[in-house]
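# Structural characterization, general
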Amino acid sequence: MSPKPVVLIAEELSPATVDALGPDFEIRHCNGADRGELLPAIAEVDAILVRSATKVDAEAIAAARKLKVIARAGVGLDNVDVSAATKAGVMVVNAPTSNIVTAAELACGLILATARNIPQANSALKNGEWKRSKYTGVELAEKTLGVVGLGRIGVLVAQRMSAFGMRVVAYDPYVQPARAAQMGVKLLSLDELLEVSDFITVHLPKTPETLGLIGDEALRKVKPEVRIVNAARGGIVDETALASALKEGRVAAAGLDVFAKEPCTDSPLFEFDNVVATPHLGASTGEAQEKAGIAVARSVRLALAGELVPDAVNVQGGVIAEDVRPGLPLAERLGRIFTALAGEVAVRLDVEVYGEITQHDVKVLELSAVKGVFEDVVDETVSYVNAPLFAQERGVEVRLTTGSESPDHRNVVTVRGTLTGGEEISVSGTLAGPKHVQKIVSVGEHSVDVALADHMVFLRYADRPGVIGTLGRILGEAGLNIAGMQVARAAQGGEALAVLTVDDSVPQTVLTEIAEETGATSARAVNLAD
């Protein structure tokens, strides 16, 4: 029996994380924050799970001779050298959706806290001061909430604060007005949002474009009674400009969970009684930590099995649309059939996707096809991370072509390759019916309609009588049962193609006999059994 893959847990994670990994792995533990302990511990492991204290940098990756997956149980990846991991063929995964509810709820809490001065009143009362008049607040009902960034967290905040009777407007240049309208949110320019909002909450990623977005210029356009919340990323709200606006009375209050430099224990903003500050608690709930641990544990299982991992950050394709997902095994199988028919690695490989499915991002279907192409070529496990590397190493140019028109099928995927001698090989497939039955619909110029099976034979020969009888006889004598067969030809007497599905794999000796007795130009067997 082969040893179990080794998973190193380098920080304290939820017990549910280990449960989600299951019994198929050897689990080891270390203190990832201790370099002297981490580097020897990572040397012989297949995967490492970390939070934020463990630095998985180029040095650690170089020391990890067998490492296949780095899993960050959280959203940020500041402690992982993604570039070094990619160069080493190591998948990096995180848990991008684990904390969206938690982060949204904290933003809502900060909105409430700044509206009603809850932390300040609490602190005063515990210090023996009863200051009802000092901490008079404002209602949320009928106030305007400006959401800067209408992504997943921004949407959740908008939904929750709408329940308080707030009018919600938003600024997000990547969201269509119709989509916002469906949520009852009106899209505005940033300047318009700044001018009309009573509360502003920021939910943008930190990029060169968003850094300092809410700065001095922006803060001179807001109402003096505005309350500003940032529970997204530090630096999007310029802290120096915010401090000046608070001091000059141009902003009524602020709620901050994130800062430009963290940990932050000393800031001019902390001097203001109307600032509510928390130490980056956006993901700090037991539920979020458990979700993150379970999510990355599942990703590790998929990655070590060579499967597609939707949460891998260094794999092209990103999040997979539900309409695209059923096409992944089809594309991979078409890649394996292509390799069997070609008998060599192509110089150029084209993955073509046509039909309704192309309204989604179908880049992942290219990855799936390339994975299939190399599945039976190399003796290493082929994954969605290293498949493009195999193609690059072999000088294979890979291209993806898409189009919304598909005359004969709702959707069709084609793997087409040019061989070293200039010959072109192609195989096309589709998914049929509600059960997504995988079918081959063409091989080269020949149109067929054959459901994919674990064991298949492809025979090219000159069209003439008697070939099918000879084929049946040879397979019968070998004890191989034909489950199905279809013959196609471009013209009478021209080249014909026979596609057979059989109950068992066909040995090479039988294929050789078939080719010799039928005069076939090509006799190929494909074993698609997992």
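Residues numbered from 1 in each chain as written. Predicted model: local features only at pLDDT ≥ 70, side-chain atom pairs only at ≥ 80, totals over all residues. Heavy atoms only, no water.

For clarity, the threshold we go by: UniProt positions are given in the numbering used here, feature names are shortened, and annotations may be inferred rather than shown by experiment.
Identification of the chain as D-3-phosphoglycerate dehydrogenase from Streptomyces zingiberis is taken from an unreviewed UniProt entry. A UniProt comment under Sequence similarities (unreviewed entry) is attached to the chain, and it reads "Belongs to the D-isomer specific 2-hydroxyacid dehydrogenase family."

### Let's talk about the overall build of the chain
Counted only if it meets this: Numbering goes from the N terminus for both helices and strands, where a helix is a DSSP run of H or I of at least four residues and a strand is a run of E of at least two. The quantity called the radius of gyration is restricted to C-alpha atoms. Its globule counterpart is 2.2 Å times the number of residues to the power 0.38. Any residue under 20% of the maximum accessible area for its type is buried, any over 50% is exposed, and the rest in between are partly exposed; the area is computed with a 1.4 Å probe on protein chains only. The contact definition used throughout considers only heavy atoms, calling two residues in contact when any of these lie within 4.5 Å. We score Asp and Glu as negative and Lys and Arg as positive, and we do not count His or the chain ends. Each charge is placed at NZ for Lys, CZ for Arg, CG for Asp and CD for Glu.
Helix and strand content of the chain: 17 helices and 22 strands. Compactness check: the chain gives a C-alpha radius of gyration of 30 Å against a globular reference of 24 Å for 530 residues, more than 25% above the reference. Dimensions of the chain along its principal axes, counting C-alpha atoms only, are 100 × 55 × 35 Å. A buried classification covers 48% of the 530 residues belonging to the chain. A separation of at least 24 residues holds for 63% of the contacts in the chain among residues at least 6 apart in sequence. Within the chain, one finds 50 positive and 69 negative side-chain charges whose respective centroids are separated by 6 Å.

### Section: the UniProt feature "domain: ACT" (unreviewed entry) in the chain
In the numbering adopted here, UniProt assigns the feature "domain: ACT" (unreviewed entry) to residues 456–528. Helix makes up 30% of residues 456–528 and strand 40%, and the two end C-alpha atoms of the span are 8 Å apart.

### Examining the pattern of salt bridges
For the record, the criterion: For this document, the term salt bridge refers to a Lys or Arg side-chain nitrogen within 4 Å of an Asp or Glu carboxyl oxygen.
By the definition in use, this model includes 28 salt bridges. Arg336 is the salt-bridge partner of Asp376, the closest N and O atoms lying 3.1 Å from each other. Within this pair, whereas Asp376 is found in the loop between α14 (363–375) and α15 (387–393), its partner Arg336 is found in helix α13 (residues 327–342), the two being separated by 40 residues in sequence. For Asp376, a relative accessible area of 48% gives the class partly exposed. Arg336 gets classed as buried once you look at its relative accessible area, which sits at 11%. One network of salt bridges, with partners in common, ties together Arg35, Asp57 and Glu59.

### Overview of the sheet that holds strand β14 (residues 397–403)
We apply this condition: Strands are labelled as partners when DSSP assigns at least two bridges between them. Helix axes are fitted only over the stretch in contact, all axes being lines through C-alpha atoms; the angle between N-to-C directions runs from 0 to 180 degrees.
In space, the six strands of this open sheet follow the order β14-β13-β15-β16-β17-β18, with mixed pairing throughout. Each edge of the sheet is formed by a strand with only one pairing partner; in this case those strands are β14 and β18 (446–451). The average angle at which neighbouring strand axes cross in this sheet is 20 degrees, direction not considered. For strand β13 (residues 348–355) and β14, the ladder comprises seven bridges, and the chain directions are parallel. In the sheet register, Tyr354 faces β14, and the bridge partner there is Gly403. Across the face of the sheet, α13 comes into contact with β13, β15 (411–418), β16 (424–432) and β17 (437–443) while running at roughly 155 degrees to β16. Along the sheet, α14 makes contact with β13, β14 and β15, crossing β13 at roughly 135 degrees.

### Observations regarding helix α2 (residues 35–42)
To be explicit about the condition: Here the arc refers to the directions that run from the helix axis out to each C-beta atom.
Turning to α2, its buried residues number three or more, namely Leu38, Leu39 and Ile42. Buried residues of α2 fall within an arc of 95 degrees about the axis and therefore sit on the same side. Exposed and oriented more than 90 degrees from the buried face of α2 are Gly36 and Pro40. Where α2 is buried, its residues meet β1 (6–9), β3 (47–50) and α3 (58–63).

### Thoughts on the pairing of strand β9 (residues 199–202)
Residue alternation in β9 divides its side chains into two sets, Phe199 and Thr201 and Ile200 and Val202, and both sets are buried. For β9 and strand β10 (residues 227–230), the ladder comprises four bridges, and the chain directions are parallel. Bridging from a neighbouring strand, Val202 pairs with Asn230 of β10.

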